[in-house]
Amino acid sequence: MEDRKCSDGEYFVKRRVLDELRLDEVAQKGTWSTKPTVGERMTESLRCSVPRLKQAALSRIPVLSWLPHYSFRDNAIGDLVSGCSVGIMHLPQGMAYALLASLRPVFGLYTSLYPVLVYFIFGTSRHISIGTFAVISIMVGSVTERLAPDSNFNGTNETGSVDLDARDESRVRIACSLTVLAGIFQILLGVVRFGFVVTYLSEPLVRGYTTGSACHVCVSQLKYLFGVTPARFTGPLSLIYTLVDLCRLLPQTKVPELVVSLVALSVLIVVKEVNACYRQKLPLPIPIEMIVIIAATIITHFCGLTSKYNVDVVGEIPSGLKAPQAPDTTLFSEVVGDAFAIAIVGYAINISLGKTFALKHGYKVDSNQELVALGLSNTIGGFFQCYSVTSSLSRSLVQESTGGKTQVAGVISSVIVLVTVLKIGSLFSDLPKAVLSTIVFVNLKGMFKQFTDVPLLWKTNKVDLMVWLVTFSSTILLNLDLGLAVSIGFSMLTVIFRTQLPRYSILGHVSGTDLYLDTETYKEAKEIPGIKIFRSSATIYYTNAEMYLEALQEKSGIEIGKLLTAKKKRDAKLKRQQKKEKSKNKAKKQSKAESQLSAVAERRVSTDELDKGAVNWAYQHDAAAADSDSDAGCHVDGSITRASPRATATHSVVLDVSTTSSVDTVAVKTLKNIFRDFGEIDLDVYLAGCQACVVEQLETAGFFSESLPKSRLFVSVHDAVLHILSTRRRTDLVLDMTCSTQM
């Protein structure tokens, strides 16, 4: 290879045409293996040393790696302010989201305490806020209400009404068992390094699912806003049935609760908009949720709203912490599907937020360790009567924007929640449930904003739009569990369809360059006479191998089946003629036989000379069959019949496989058949752009042989074309390209 001095925008290269054999020689391809053997890997994994033990401890317990180096000077103030801000948010959101899970508000406070401390030890993200979240809460609530409906507890107390204490106790037991099982799933997936599973949940899928979940959350909270009690529906279309029942009950609306809801909602919306508009000027966002809760509790208590207007309040909030309890393992079989769905959705939300903040602040989040950390938060929290957790977007944004640098901010927020549970929680017993519902509504704003994805995806990617719409629709109509399963299945189908329906194209040469582009896209890309260059935009494997062959024939205009059939007919006809001539020769006299044999010999010499001129015997003309052959699309030219003018003009086919990353047995067999069938009709086939891993797979599959050597593989399409032209002695086609290539 030779390089020459060149001006800006140009480069000059002079080298030999490289096929696979020459490439191995020039690049000195190694035959050694840098990968350790199975035995070496086993030995290394079982080897124990102090540095290895230390590394394992630091990777599994990340707090040991960063807490000893914690800088109080740089981080303490920011973490303190951030922790206090997030802690104040934890209190109203914890109590409000507990209602979504069909649990008492105090269990939302527990959920905002224990899992945060566990994540502080095992988590790798510095900015996300672990705790209650609307989507996970509604998923937990759908399970608790399904397994412990109100109807199961009618008449179990002295008054004959619903025994709320027994019902709530049963729901807590169900929620804890569900949480522990979801945590176990997450831990197992993290230990086997299955963190990549979340990559199958695309962003449109997650956003469509959370938007659909927000609609479920919204409908579930309407009963508190209007003060009505709709019937409970389960299964597909339950959201629609619930909405219809709510509309039926609107005449029974409790006006005092509606007024409380509207006032609280108005105040929350106005102040949150102020926070958003002046977030750059305000040192801290106004804790309007906490202010509304305190004000509503005071007004309800001193104005006697509960006794006068029968406003529904949260009731007694017990002070202190409860001893840990083992989950009810007999419930695992009933909640296993829901637990797995919660584990996957919770992790998807958590890792997406974690990676967003990590990318912004320049650190790395370990996806597998995040699975373990979230799993331990759920598992340990389940023993302390917490329900499933994940990160919250609103709290995480506040934690990051108020100066939080590490998870020490999470510990400080936990201290605030702990103080509330121990000393202050009982003061909120007169808090109206309608106020908590308004807090949930206001915090759904970000999710409902995701509806703007629809026009954006319509402009950018129709397939992603279909994933979003199918996910949203299935979540609305089929509920959260079935909706997730359907959306994942549809997303997988889109991946399959994309690989099964790639774009096939014939490439043409751009004059003055070594570029070969799609002739249908680029006007200056011109086909080279006699050479068809074919490319697929996807990897060739078993699902699209047959379509690859069909597209090759369609795009190149070479119909293999018809040409092979015509060749076989002509071969059979030639054999019959030779057999007839041989039988006639035996019946005739010796003198006549000698003259006839000499005539036949002369004819064979003439045909041999034609054969040397690249005349294909498969297309040898027979006058008796001229009419029938013309019906099949053939035409006569002297003594040679050709099946198609396009086919006769083509003598070589180049398959650009640069987009293929791997080949399976079906793909190898398809390529072999292409080489064999095209070779039978005197067409040369070449491969171009094979990656090294693909060449190794072809070697392993026994693709190469004496009839199919490695010299049929070329580094690039340009190398293959130059080889074909030099082999065909086509010096008149130098592709208008000397040793220079202009950029």
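Residues numbered from 1 in each chain as written. Predicted model: local features only at pLDDT ≥ 70, side-chain atom pairs only at ≥ 80, totals over all residues. Heavy atoms only, no water.

## Some points on the overall build of the chain
- Looking only at helices and strands, the chain has 30 helices and 14 strands in total.
- Expressed as a percentage of contacts within the chain between residues at least 6 apart in sequence, the contacts between residues at least 24 apart total 78%.
- Only carbon and sulfur atoms are counted for the fraction: they give 60% of the accessible area of the chain, which is about 38,400 Å². (Helix = DSSP H or I, 4+ residues; strand = E, 2+ residues; numbered from the N terminus. Contact = heavy atoms within 4.5 Å. Areas by Shrake-Rupley, 256 points an atom, 1.4 Å probe, with all protein chains shown as cover.)

## Topic: a nonpolar patch on the surface
- On the surface, Phe233, Leu237, Ile240, Tyr241, Val244 and Leu477 cluster together to form a nonpolar patch covering roughly 480 Å² of accessible area.
- Residue contributions to the nonpolar patch peak at 3 residues, all from helix α11 (residues 238-248).
- Its place among the elements puts Val244 in helix α11.
- Judged by its relative accessible area of 52%, Val244 is exposed. (Patch = residues over 30% accessible without salt bridge, like charges linked within 9 Å, V, L, I, M, F, W, Y side chains within 5 Å. Salt bridge = Lys/Arg side-chain N within 4 Å of Asp/Glu carboxyl O. Buried < 20%, exposed > 50% of the residue type's maximum accessible area, 1.4 Å probe, protein only.)

## Structural notes on the packing of aromatic side chains
- Here the structure, examined in full by the defined rule, presents 17 aromatic pairs.
- Geometrically, the ring pair formed by Tyr70 and Phe72 is edge-to-face, given 5.2 Å between the ring centres and 90° between the ring planes.
- With relative accessibility at 62%, the residue Phe72 sits in the exposed group.
- One aromatic cluster is present, formed by Phe448, Phe451, Trp468 and Phe472 through successive ring pairs. (Phe/Tyr/Trp six-rings, centres within 6.5 Å; stacked < 30°, edge-to-face > 60°.)

## Comments concerning the environment of Glu20
- Note on placement: Glu20 falls in helix α1 (residues 20-27).
- It is 5.5 Å that separates the C-alpha atoms of Glu20 and Phe714, two residues lying 694 residues apart in sequence.
- Setting aside residues no more than four positions away along its own chain, Glu20 makes contact with Val695, Lys710 and Leu713.

## Remarks on the environment of Ile294
- Along the chain, the position of Ile294 falls in helix α13 (residues 288-303).
- Owing to a relative accessible area of 39%, Ile294 belongs among the partly exposed residues under this scheme.
- Each C-alpha atom of the pair Ile294 and Leu431 lies 8.1 Å from the other, and the pair is 137 residues apart in sequence.

## With respect to the pairing of strand β5 (residues 504-510)
- In terms of burial, β5 is largely enclosed, as 7 of its 7 residues are buried.
- As judged from the 4 bridges shared by β5 and strand β8 (residues 531-536), these two strands associate in the antiparallel manner. Paired with Ser505 across the bridge in β8 is Arg535.
- In terms of strand pairing, β5 meets strand β6 (residues 516-518) through 3 bridges, oriented antiparallel. Paired with Leu507 across the two strands is Asp518, which belongs to β6. (Pairing = 2+ DSSP bridges.)

## Focus: the side chain of Ser413
- Of note, Ser413 is situated in helix α18 (residues 408-424).
- For Ser413, a relative accessible area of 1% gives the class buried.
- Aside from chain neighbours lying at most four places away, what touches Ser413 is Gly83, Val86, Gly87, His90 and Val116.

## Re the nonpolar core
- Judged by nonpolar contacts, the single largest core of 113 residues is most densely connected at Met139, Val140, Val345, Leu431 and Leu436.
- Of the residues forming this core, the biggest block, 15 residues, is contributed by helix α15 (residues 332-361).
- Contacts of Met139, omitting those with residues within four sequence positions, involve Tyr209, Ala341, Ile342, Val345 and Leu480.
- Leu552, Val663, Phe678 and Val685 belong to the second largest nonpolar core, which has 34 residues in total. (Core = buried A, V, L, I, M, F, W, Y, C linked by side-chain atoms within 4.5 Å.)

## Some thoughts on the pattern of salt bridges
- Enumeration according to the criterion identifies 22 salt bridges in this entry.
- For Lys532, the salt bridge identified is with Glu527, shortest N-O distance 2.7 Å.
- Residue Glu527 is classed as partly exposed on the basis of its relative accessible area, which comes to 35%.
- Because the salt bridges share partners, they merge into one network encompassing Arg104, Asp150, Asp165, Arg167, Asp168 and Arg171.

## Observations concerning the state of the cysteines
- In this structure the tally under the stated criterion is 0 disulfides.
- Here Cys215 is not cross-linked by a disulfide; its sulfur's nearest cysteine counterpart is in Cys218, at 7.1 Å.
- Left unpaired, Cys690 is separated from the closest cysteine sulfur, that of Cys693, by 9.4 Å.
- Using a relative accessible area of 16% as the deciding quantity, one classes Cys690 as buried. (Disulfide = S-S within 2.5 Å.)

## Digging into unusual backbone geometry
- A positive phi angle is found at Leu237, which is not glycine, with a value near 65°.
- Inspection of the secondary structure puts Leu237 in the loop between α10 (203-226) and α11.
- On the basis of relative accessible area, Leu237 is assigned to the partly exposed category, the value being 34%.
- Of note in this structure, Gln385 is not a glycine but carries a positive phi near 65°.

## Re helix α8 (residues 134-147)
- An ideal rise of 1.5 Å per residue puts 20 Å on 14 residues; α8 measures up with 20 Å between its terminal C-alpha atoms.
- Inspection of α8 places Ala134, Val135, Ile136, Ser137, Ile138, Met139, Val140, Gly141, Val143 and Thr144 among the buried residues, and these make up the whole buried set. (Expected span 1.5 Å × (residues − 1).)

## Quick look at the packing of α13 against helix α19 (residues 433-443)
- Relative to each other, α13 and α19 sit at 165°, their axes nearing to 10 Å. When the axes of α13 and α19 are compared, the pair comes out roughly antiparallel. The chirality of how α13 crosses α19 is right-handed. Where α13 approaches α19, its residues Glu289, Val292, Ile293 and Ala296 are matched on the opposing element by Val435, Leu436, Ile439 and Asn443.
- A class-by-class count of the residues in the contact of α13 with α19 yields 6 nonpolar, 1 polar and 1 charged. (Axes fitted to C-alpha atoms, helices over the stretch in contact; angles between N-to-C directions. Parallel < 35°, antiparallel > 145°, perpendicular 65-115°, else oblique. Left-handed = near helix turned anticlockwise from the far one by under 90°. Nonpolar A, V, L, I, M, F, W, Y, C, P; charged D, E, K, R; others polar.)

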